[in-house]
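Listed here are the chains, written in short residue letters.
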Amino acid sequence: MSESRAAKGTHEVHEAHAHPGFVRTYIFSTDHKMIGRQFLFMGLFMLIIGGLMAMLIRWELAFPEKPLPIIGASKEFIDTGEPKTSMDQTWAEWLSKPESEQNWLTKNMPMGAITAPLYNSLFTMHATLMIFFVVMPIMVGGFGNFLIPLTIGARDMAFPTLNMLSFWVGLLSGIIMLASLFVPGGPAAAGWTSYAPLTAKVEYTGVNWGQNLWCISLIVMGISSLMGSINYITTIINMRAPGMTFFRMPLITWSLFITAILLLLALPVLTSALAMLLFDRMLGTHFFLPEGGGEPILWQHLFWFFGHPEVYILVLPAMGVTSEVLSVFSRKPIFGYRGMVFAMTAIAFLSWVVWGHHMFVSGMNPLIGATFMMTTMVIAVPSAIKTFNWLGTLWGGSIRFTTPMLFGLAFVSNFVIGGLSGIFMASTPVDIFIHDTYYIVAHFHYVVAGIIFAIFAAITYWFPKMFGRMMNETLGKIHAILTFIFFNATFFPMHILGVGGHMRRIFNPMQYEFLHPLQPINVFISISAFCLGAVQLIFLFNFIWSLFAGKRADRNPWHANTLEWTTPSPPPHGNFDKIPTVYRGPYEYSSPEVAEDWLPQDRRLETTTAKGAH
Amino acid sequence: MRMLNWLPEDVSTYGKEVDSLFYLIYYITGIVFLLVTVAMIVFLIKYRYQEGRRAIYTHGSTTLEIIWTAIPAIILILLAFKSQAAWSHIKMNIPPGEVQIRVLAKQFNWDITYPGPDGKFGTEDDLPRPGDPAILDEIHVPVNKVVRVELVGKDVIHSFFLPHLRLKQDVLPGRTILAWFQATKPGRYPLPCAELCGIGHSGMLGSLIVHTPEEYAAWVKEKWPSTEKAQ
Ligand code: HEM
Ligand SMILES: [Cu+2]
Ligand SMILES: [Cu+2]
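Cut-offs used in this document
Residues numbered from 1 in each chain as written. Chains lettered and ligands numbered in written order. Predicted model: local features only at pLDDT ≥ 70, side-chain atom pairs only at ≥ 80, totals over all residues. Heavy atoms only, no water. Helix = DSSP H or I, 4+ residues; strand = E, 2+ residues; numbered from the N terminus. Buried < 20%, exposed > 50% of the residue type's maximum accessible area, 1.4 Å probe, protein only. Contact = heavy atoms within 4.5 Å. Areas by Shrake-Rupley, 256 points an atom, 1.4 Å probe, with all protein chains shown as cover. Lys, Arg positive; Asp, Glu negative; His and termini not counted. Charge placed at Lys NZ, Arg CZ, Asp CG, Glu CD. Rg over C-alpha atoms; globule rule 2.2 N^0.38 Å. Expected span 1.5 Å × (residues − 1). Polar contact = N/O pair within 3.5 Å; in protein donor to acceptor, adjacent residues only side chain to side chain. 1 Å grid on protein atoms, 1.4 Å probe; cavity = no way out; pocket = protein on both sides within 12 Å on 5 of 7 lines; lining within 4 Å. Points joined across faces, edges and corners; volume = space filled by probe spheres on them. Nonpolar A, V, L, I, M, F, W, Y, C, P; charged D, E, K, R; others polar. Near = heavy atom within 4 Å. Pairing = 2+ DSSP bridges. Axes fitted to C-alpha atoms, helices over the stretch in contact; angles between N-to-C directions. Donors = N, O, S within 2.8 Å, 3.2 Å for Na, K, Ca; no water. Tetrahedral: all angles 85-135°; square planar, octahedral: opposite > 155°, others 65-115°. Phe/Tyr/Trp six-rings, centres within 6.5 Å; stacked < 30°, edge-to-face > 60°. Lys NZ or Arg CZ within 6 Å of the ring centre and 35° of its normal. Patch = residues over 30% accessible without salt bridge, like charges linked within 9 Å, V, L, I, M, F, W, Y side chains within 5 Å. Salt bridge = Lys/Arg side-chain N within 4 Å of Asp/Glu carboxyl O. pLDDT = per-residue confidence, 0-100. Buried area = accessible area lost by both parts, 1.4 Å probe.

Account for the overall build of chain B, with residues named and values stated.
When its secondary structure is counted, chain B shows 3 helices and 10 strands. When the helices and strands of chain B are read in sequence order from the N terminus, they spell out α-α-β-β-β-β-β-β-β-β-β-β-α. Expressed along its principal axes, the backbone C-alpha trace of chain B runs to roughly 95 × 35 × 30 Å. Evaluated residue by residue, chain B yields a buried proportion of 50% over its 231 residues. Contacts in chain B between residues at least 24 apart in sequence constitute 67% of all its contacts with a sequence separation of at least 6. Surface accessibility of chain B: about 10,700 Å² in total, with carbon and sulfur atoms responsible for 63%. Of note, chain B has its 23 positive side-chain charges centred 9 Å away from the centre of its 23 negative side-chain charges.

Here it is in structure tokens:
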């Protein structure tokens with residue numbers, strides 16, 4: 001299909017269906033913008049649940065085996081059996097019931113104290129939700145959907161119905177995952193990595209349907225992202241507006257394009273592995289169980305063969321968002337646009353050959369470990385290029401400290417820490433010591449949880465386009481600064497814990513005498529984490545308030561160049577008044593050709609033609 | 001300057017190799033971090049929006065980009081080569097060992113077997129003797145001797161972690177994996193499990209007891225009274 005024909009075709013179709021009804025507009029919508037918003041809301045909802053789980057994990061680590069505040073029983077009651085508070089009364093009543101009538105709380109946290117099985121479930125579900133149901137839906141599902149057609153000048157995705165299905169299948173997988181919290185035996189409790197053989201047999205964890213549903217949910221999620229990624233790739237290849245060559249696409253669109261390709265190739269590997277695991281659990285096969293001739297580290301190879309590209313699936317769109325806001329608010333072209341594209345492409349290729357760095361001490365032949373160390377060192381290079389190019393973009397700019405800019409800068413500085421801490425783990429001998437310690441937890445939160453900053457940057461930057469209103473800048477800035485401070489107070493000290501030898505995934509650090517001196521750090525981290533959680537209320541308030549009462553946004557409130565800003569805010573069904581023609585790259589800020597400091601991609605300059613004629 | 005006082009005391013011969021690499025990377029990344037952060041802060045202050053000043057219009061510089069691609073690439077590759085020496089020493093060339101032990105990891109204990117004076121497993125002088133209770137969670141070794149550990153797995157994956165000896169090795173069910181260490185200082189050191197292995201993972205903890213030569217001889221004598229010369 002030629003570009004112009006595709007654009008024209010969708011144009012006509014959409015004119016014909018100008019006013020779909022309520023259900024078609026808000027629920028079973030095939031409009032990429034509504035689907036994007038749906039993914040965004042789903043992700044934000046899951047962020048709240050995943051975040052609350054993190055708070056419970058942190059409570060347990062700072063105050064091991066102590067009942068939670070408010071819902072927990074008092075110390076007197078636990079010591080003496082004499083109910084003191086009204087909550088004590090409730091616990092006494094609940095616990096006196098027969099086994100069959102016990103509720104979820106008495107089974108999982110008697111007296112309001114987190115138990116070891118619950119703890120294992122909490123970190124498993126926290127991570128699963130954050131990765132598969134927060135970052136992926138928001139970045140790829142939400143902003144991917146919303147931005148791809150808008151930034152390339154298309155009226156919708158190539159396959160709008162498939163797109164709608166992708167959301168509903170994604171939602172179904174989220175519901176299955178949440179449902180697994182309530183099945184007998186509890187939810188999955190073997191970490192988000194679900195290492196076999198621990199997961200391959202029910203007896204090993206005591207979790208039955210929880211783990212099965214975990215697998216099923218992720219298989220369903222794989223179907224959803226498959227539909228999404230096919231759609232994104234097709235749309236970007238076929239439906240770019242006239243003049244929108246690949247090298248005139250904004251970096252966010254590039255990042256989503258590369259992410260979609262990684263998704264298309266990586267997710268099926270996870271799906272196969274999950275199917276094998278389910279067979280081991282339910283049909284008696286022995287893919288991962290050595291007693292039947294299975295291979296105990298096969299799961300790890302499959303999981304990380306998916307898992308490492310997955311990390312880049314999460315982080316590439318975040319890099320894309322950062323590039324947009326840094327350029328717009330420095331009022332400067334992005335430094336080394338092509339270098340940025342090549343760096344992302346290099347990351348995409350290299351991400352397939354580094355998975356073994358998760359397995360240096362797994363029992364895999366150490367000789368292969370040496371190879372993986374080399375590839376891992378090499379993949380750090382394109383990440384360094386990106387960072388330096390961001391710095392280059394700031395250099396000589398005219399920097400506006402808006403809320404999205406603050407979040408973009410925060411993402412860069414966290415990414416620097418996360419990238420540098422990764423070099424320690426790439427060095428195999430050092431990894432012997434820090435593998436599976438809190439050092440790892442610190443590292444990946446700087447990278448993956450750091451994506452939250454890019455998510456906030458994206459939400460605050462595109463909010464006017466998505467919802468037609470501005471968010472409050474003062475609240476936004478307060479939220480950005482406090483989040484940055486508490487994020488670092490929470491995650492930086494985890495490096496120190498890890499260097500001190502503190503293992504990850506342990507329920508009670510006080511069981512280890514050599515960790516006692518580190519316990520004050522755990523308390524400090526937890527208090528910072530609670531503050532980090534609390535300041536998110538500012539965002540929640542700002543988001544909801546602005547949805548209804550924010551100042552109306554005009555088309556281009558940030559004076560940005562990319563095509564989405566030429567549409568009304570929010571864009572109507574069909575997006576563009578008229579399909580734009582693109583004359584230049586996306587980052588022509590402060591160009592000497594015009595008096596203003598921005599130059600939209602679709603503005604035709606008479607002077608250029610005139611100059612050409614002379 | 002060293003956040004490194006946080007590392008647990010190092011009591012193994014190859015610990016220094018691990019720690020020196022750690023310090024090396026710490027200084028390299030520390031410098032890069034400072035440079036990047038300072039540059040960023042300076043740019044943010046110097047190039048903040050000011051009335052009447054326009055941003056510099058540039059699309060980048062290929063020379064600069066080549067420089068900042070090449071320098072990290074060279075540093076990282078050198079680092080990989082430097083790391084490889086320690087890695088092959090620790091993990092790839094397992095020495096024969098002057099003392100042997102076998103550790104069976106299972107939910108949620110370390111089950112220890114000693115080969116006895118003949119140094120061979122599966123013979124009569126193994127400890128525990130047939131019918132004796134298992135020896136759980138305590139490993140006795142002499143100081144300054146190369147100890148070779150056979151790691152055997154039973155149910156799920158566990159990870160044999162001796163933080164003070166800078167040794168970590170996952171234990172796989174149905175396989176025997178070899179590891180080694182040489183302790184340089186007598187004492188009692190924790191042996192936690194570092195890989196999530198189920199409900200009892202937290203608290204799956206043993207100890208490594210490193211004896212002085214005299215203590216060790218006494219311990220051997222106590223366990224194998226009939227033999228004069230233990231190893
Ligand atoms: C509110 C901020 C957050 C806090 C306080 C927090 C805290 C924690 C804690 C304490 C753990 C358990 C570590 C362990 O014992 O092994 C954990 C695990 C994890 N978190 Fe977070 N987290 C936060 C946000 C996030 C986000 C946004 C993501 C991803 C996008 C994320 C991804 C993960 C992953 C992948 C794990 C590993 C779980 C496992 O070991 O299987 N976290 N987090
Ligand atoms: Cu990886
Ligand atoms: Cu364990």
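Explain the overall build of chain A to me, and be specific about the residues and the numbers.
Along its length, chain A carries 21 helices and 0 strands. Computed over its C-alpha atoms, the radius of gyration of chain A comes to 25 Å, within 12% of the 25 Å expected for a compact globule of 614 residues. Principal-axis analysis of the C-alpha atoms gives chain A an extent of 90 × 60 × 50 Å. Counting all 614 residues of chain A, 65% fall into the buried class. Looking at chain A alone, contacts between residues at least 24 apart form 78% of all its contacts between residues at least 6 apart.

Outline helix 19 (residues 473-499) of chain A, supporting the account with residue identities and numerical values.
Residues and elements named next belong to chain A. Taking 1.5 Å per residue, 27 residues should reach 39 Å; helix 19 reaches 39 Å between its end C-alpha atoms and fits that length. In this structure Asn472 caps helix 19, since a side-chain oxygen of it lies 2.8 Å from the backbone nitrogen of Thr474. Gly501 lies just past helix 19 and shows a positive phi near 95°.

Break down empty space enclosed by the protein for me, citing the residues and quoting the values.
All names here are of chain A. Counting across every chain of the model gives 3 cavities of 30 Å³ or more. Roughly 200 Å³ of internal volume is contained in the largest cavity. Residue lining of the largest cavity: 19 residues in total, with Phe39, Met136, Gly141, Ser224 and Ser225 positioned closest to the centre. Among the secondary structure elements, those contributing two or more residues to the lining of the largest cavity are helix 3 (32-62), helix 7 (116-152), helix 8 (160-179) and helix 10 (209-238). Element by element, the count of residues in the lining of the largest cavity is highest for helix 7, at 7 residues. Here the lining of the largest cavity is built from residues that sort into 10 nonpolar, 9 polar and no charged.

Could you give me a rundown of the site of ligand 1, with the residues and numbers involved?
All names here are of chain A. Close to ligand 1 lie 25 residues, the nearest being His126, Tyr438, His445, Arg504 and Arg505. His126 has a polar side-chain atom sitting 2.9 Å from a nitrogen atom of ligand 1. Put simply, the parts of the chain that give the shell around ligand 1 at least two residues each are helix 3, helix 7, helix 17 (438-449) and helix 20 (519-549). Per element, the largest residue contribution to the shell around ligand 1 is 7 residues, and it comes from helix 7.

Outline the sheet that holds strand 4 (residues 138-142) of chain B, supporting the account with residue identities and numerical values.
Residue and element names in this part refer to chain B. The sheet built from 3 strands is open, its strands ordered 4-10-9 with mixed pairing. Each end of this open sheet is capped by a strand with a single partner; those strands are strand 4 and strand 9 (187-192). Strand-to-strand twist in this sheet, taken as the mean axis angle between neighbours without regard to direction, amounts to 25°. In the sheet, strand 4 pairs with strand 10 (residues 205-211) via 5 bridges, with the strands oriented parallel.

Pulling in residues and values, what's your account of the coordination of the iron atom of ligand 1?
All names here are of chain A. Looking at the metal site, the iron atom of ligand 1 is ligated by His126 (NE2) and His445 (NE2), spaced 2.0 Å from it. Coordination at the iron atom of ligand 1 is octahedral: its 6 donor atoms span angles of 88 to 179° at the metal. Remark: His445 occurs in helix 17 and His126 occurs in helix 7; sequence separation between them is 319 residues. Of the residues examined, His126 reaches a relative accessible area of 13% and is grouped as buried.

Describe the coordination of the copper ion (ligand 2), listing the residues and the values that go with them.
Residue and element names in this part refer to chain A. Only His308 (ND1), His357 (NE2) and His358 (NE2) from the protein coordinate the copper ion (ligand 2), and they sit 1.6 to 2.0 Å from it. Counting along the primary sequence, the residues that act as donors to the copper ion (ligand 2) give the motif H-x48-H-H. Of this pair, His308 sits in helix 12 (residues 298-330) while His357 sits in the loop between helix 13 (337-350) and helix 14 (366-394), and the two are 49 residues apart along the sequence. Across the pair, exposure class does not vary: His308 and His357 are buried alike.

So what's going on with the packing of aromatic side chains? Which residues, and what values?
Both the distance between ring centres and the angle between the ring planes are used here to describe each pair of aromatic rings. Residues and elements named next belong to chain A. Following the criterion strictly, the structure yields 66 aromatic pairs over all chains and no others. Relative to Phe303, the ring of Trp192 lies with its centre 5.2 Å away and its plane at 70°, an arrangement referred to as edge-to-face. Of this pair, Trp192 sits in the loop between helix 8 and helix 9 (202-205) while Phe303 sits in helix 12, and the two are 111 residues apart along the sequence. Across this residue pair, the class does not change: Trp192 and Phe303 are buried. Relative to Phe543, the ring of Phe463 has its centre 5.4 Å away and its plane inclined at 75°; by these criteria the two rings are edge-to-face. With Phe463 in helix 18 (residues 451-467) and Phe543 in helix 20, this pair connects stretches of sequence that are 80 residues apart. Taken as a pair, Phe463 and Phe543 share a single burial class, namely buried. Above the plane of the ring of Phe246 lies Arg240, whose end atom (NZ or CZ) is 4.0 Å from the centre. Across from the ring centre of Phe247, 4.0 Å away, lies the NZ or CZ of Arg338, which sits over that ring.

I'd love a proper account of a nonpolar patch on the surface, names of residues and values included.
All names here are of chain A. On the surface, a cluster of nonpolar side chains totalling about 620 Å² of accessible area is made up of Ile48, Leu52, Leu537, Leu540, Ile544 and Phe548. Among the elements of the structure, helix 3 and helix 20 are those that each provide at least two residues to the nonpolar patch. Mapped onto the elements of the fold, Leu52 is located in helix 3.

Please provide a residue-by-residue account of the environment of Glu138 of chain B, values included.
Residue and element names in this part refer to chain B. Among the secondary structure elements, Glu138 is positioned in strand 4. Using a relative accessible area of 28% as the deciding quantity, one classes Glu138 as partly exposed. Spatially, the C-alpha atom of Glu138 lies 9.6 Å from that of Pro190, the residues being 52 residues apart in sequence. Ignoring sequence-local partners within four residues, the contact set of Glu138 consists of Ile112, Tyr114, Arg188, Ser207 and Ile209.

Run through the pairing of strand 1 (residues 99-106) of chain B, naming residues and quoting values.
Residues and elements named next belong to chain B. Most of strand 1 is tucked away, with 6 of its 8 residues classed as buried. Both strand 1 and strand 5 (residues 146-153) contribute to a ladder of 7 bridges, which runs parallel. Along strand 5, the bridge assignment pairs Val99 with Val147. For strand 1 and strand 2 (residues 109-113), the ladder comprises 5 bridges, and the chain directions are antiparallel. In the strand pairing of strand 2, Arg102 is matched with Thr113. The antiparallel hairpin formed by strand 1 and strand 2 contains 2 residues in its connecting segment.

Explain the confidence of the model for chain A to me, and be specific about the residues and the numbers.
Residues and elements named next belong to chain A. Summary statistics for chain A give a mean pLDDT of 93 and a share of 95% for residues scoring 70 or more. Of all the helices and strands in chain A, helix 1 (residues 3-16) carries the lowest mean pLDDT, 44, while helix 18 carries the highest, 98. Every residue in residues 1-17 scores below 50 in pLDDT, and together they form 18 contacts with partners more than four places removed in sequence or on other chains. Counting contacts from residues 609-614, a segment whose pLDDT is below 50, to residues more than four positions away or on other chains yields 2 contacts.

Account for the sheet that holds strand 3 (residues 135-136) of chain B, with residues named and values stated.
Residue and element names in this part refer to chain B. Read from one edge to the other, the open sheet built from 5 strands follows the order 3-2-1-5-8, with strand pairing classed as mixed. Unpaired on one side and paired on the other, strand 3 and strand 8 (176-182) mark the two borders of the sheet. Where strand 2 meets strand 3, 2 bridges bridge the pair, whose relative direction is antiparallel. Paired with Ile112 across the two strands is Ile135, which belongs to strand 3.

Quick one: what's the story with the interface of chain A and chain B, residue by residue and with numbers?
Often the size quoted for an interface is simply the accessible area lost on bringing the parts together. Contact with chain A, which involves 96 residues of that partner, is made by 79 residues of chain B. When the buried area of chain A at its contact with chain B is split by residue, Phe424, Ile432 and Phe433 of chain A rank highest and sum to 9% of it. If you look at where chain A meets chain B, you find 1 salt bridge. The salt bridge partner of Arg175 of chain B is Glu295 of chain A, with a shortest N-O separation of 2.8 Å. Connecting chain A to chain B are 29 residue pairs in polar contact (both at pLDDT 80 or more). Looking at the side of chain A that touches chain B residue by residue, the classes come out as 60 nonpolar, 26 polar and 10 charged.

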